[in-house]
Amino acid sequence: MGQFLRSFMAPPDTPDERIEILNKSLQEALESDTLQSWADDTGNHLEYLGGEDEVLKVLEENQERIPEIIDLNDIE
């Protein structure tokens, strides 16, 4: 079981409008038919997470799910 989360960060003084443009562009790229087709063909799940709150939610869900799937006490 594994997962990669990639995050993009910008300086704190970056205008909100610029952040929105970057987020929209990233979402469009990740959800494009071409990239999703590649993801399906290669077995790579690609999903756009729209901000810090969504990323934190996924991390928290994984912290709960992993011990349900893997007995961490058996790992040496």
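Placed above this text is the structure.
Residues numbered from 1 in each chain as written. Predicted model: local features only at pLDDT ≥ 70, side-chain atom pairs only at ≥ 80, totals over all residues. Heavy atoms only, no water.

(A) The environment of Arg65, seen in detail. Along the chain, Arg65 falls in helix α3 (residues 52-69). Given the relative accessible area of 42%, Arg65 is considered partly exposed. Measuring from C-alpha to C-alpha, the distance between Arg65 and Ala10 comes to 30 Å, with 55 residues separating the pair along the chain. (Helix = DSSP H or I, 4+ residues; strand = E, 2+ residues; numbered from the N terminus. Buried < 20%, exposed > 50% of the residue type's maximum accessible area, 1.4 Å probe, protein only.)

(B) Main features of the environment of Pro67. Note on placement: Pro67 falls in helix α3. In this view, Pro67 contacts Asn62 and Leu72; residues no more than four positions away in its chain are not counted. (Contact = heavy atoms within 4.5 Å.)

(C) Just a nonpolar patch on the surface, in detail. Together, Leu5, Leu56 and Leu59 make up a nonpolar patch on the protein surface, roughly 230 Å² of accessible area in all. Note on placement: Leu59 falls in helix α3. (Patch = residues over 30% accessible without salt bridge, like charges linked within 9 Å, V, L, I, M, F, W, Y side chains within 5 Å. Areas by Shrake-Rupley, 256 points an atom, 1.4 Å probe, with all protein chains shown as cover. Salt bridge = Lys/Arg side-chain N within 4 Å of Asp/Glu carboxyl O.)

(D) Main features of a negative patch on the surface. There is a patch of like negative charges on the surface, built from Glu28, Glu31, Glu47, Glu52, Asp53 and Glu54. Per-element accounting of the negative patch gives the leading share, three residues, to α3. Looking at where Glu52 falls in the secondary structure, it is placed in helix α3. For Glu52, a relative accessible area of 61% puts it in the exposed group. (Lys, Arg positive; Asp, Glu negative; His and termini not counted. Charge placed at Lys NZ, Arg CZ, Asp CG, Glu CD.)

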